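Survey of secondary and tertiary structure
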Amino acid sequence: MSYRPKVVNVTKAGSNYNDGLYEFIAKLADGTECRVFYHRDPNWRLTNVNRLQKTPCPVCRKDFICQCMEKFSGEIHRQIDEGQWLDKLLSK
């Protein structure tokens, strides 16, 4: 069975409004936290996903830097978009 990320919460970590760059922390159902980078112009697009080093990687089980979450960037973006997390966070 392959790994399937499930986004349960997203918080805003930082932004550069002038350049259209945003940083969010996405918490997944298995306890993994990822730093998700977005570019706003012309449309929202996910530019990078990094796993925060709080728990081992759920894919490769490494406890250090790996690029496994990049493989799931499309799924993470889809869940953030469907859950309207960006609209909720930026309307505050």
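Residues numbered from 1 in each chain as written. Predicted model: local features only at pLDDT ≥ 70, side-chain atom pairs only at ≥ 80, totals over all residues. Heavy atoms only, no water.

1. A short note on the overall build of the protein
A tally of helices and strands in the protein yields two helices and four strands. Helices (α) and strands (β) of the protein occur, in sequence order from the N terminus, as β-β-β-β-α-α. For 92 residues, the compact-globule estimate of 2.2 N^0.38 gives 12 Å, and the C-alpha radius of gyration of the protein, at 13 Å, lies within 12% of that figure. Overall, the C-alpha framework of the protein stretches about 35 × 25 × 20 Å when taken along its three principal axes. The proportion of buried residues among the 92 residues of the protein is 37%. For the protein, restricting intrachain contacts to residue pairs at least 6 apart in sequence, the fraction spanning at least 24 positions comes to 29%. (Helix = DSSP H or I, 4+ residues; strand = E, 2+ residues; numbered from the N terminus. Rg over C-alpha atoms; globule rule 2.2 N^0.38 Å. Buried < 20%, exposed > 50% of the residue type's maximum accessible area, 1.4 Å probe, protein only. Contact = heavy atoms within 4.5 Å.)

2. Considering the pairing of strand E4 (residues 45–51)
The pairing of strand E3 (residues 33–39) with E4 spans six bridges and is antiparallel. The partner of Phe37 across the bridge, within E4, is Asn48. Once E3 ends, the chain turns through five residues before running back antiparallel as E4. (Pairing = 2+ DSSP bridges.)

3. A short note on the nonpolar core
One finds Val7, Val10, Phe24, Val36, Tyr38, Ile76 and Ile80 to be the most contacted residues of the largest nonpolar core, which totals 19 residues. Of all the secondary structure elements, the ones that give two or more residues to this core are strand E1 (7–16), strand E2 (21–28), E3, E4, helix H1 (73–82) and helix H2 (85–90). Here this core takes four residues from E2, the largest share from any one element. With residues up to four places along the chain from it excluded, the contact list for Val7 reads Lys27, Leu28, Ile76, Gln79, Ile80 and Trp85. (Core = buried A, V, L, I, M, F, W, Y, C linked by side-chain atoms within 4.5 Å.)

4. Structural notes on the pairing of E3
Working note: regular strand, side chains alternate between the two faces of the sheet. Of all seven residues making up E3, five are buried, and the element is well covered by its neighbours. By the bridge criterion, seven bridges tie E2 to E3 in an arrangement that is antiparallel. Bridge pairing in E3 places Phe24 opposite Val36. Between E2 and E3, which pair antiparallel and follow one another directly, the connecting turn spans four residues, one of which, Gly31, has a positive phi of 95°.

5. Overview of the sheet that holds E2
The strand order across the open sheet formed by four strands is E1-E2-E3-E4, and the pairing between neighbours is antiparallel. With partners counted over all chains shown, the strands left at the sheet margins are E1 and E4, one partner each. Between one strand axis and the next, the sheet turns by 25° as a mean value, whatever way the strands run. (Axes fitted to C-alpha atoms, helices over the stretch in contact; angles between N-to-C directions.)

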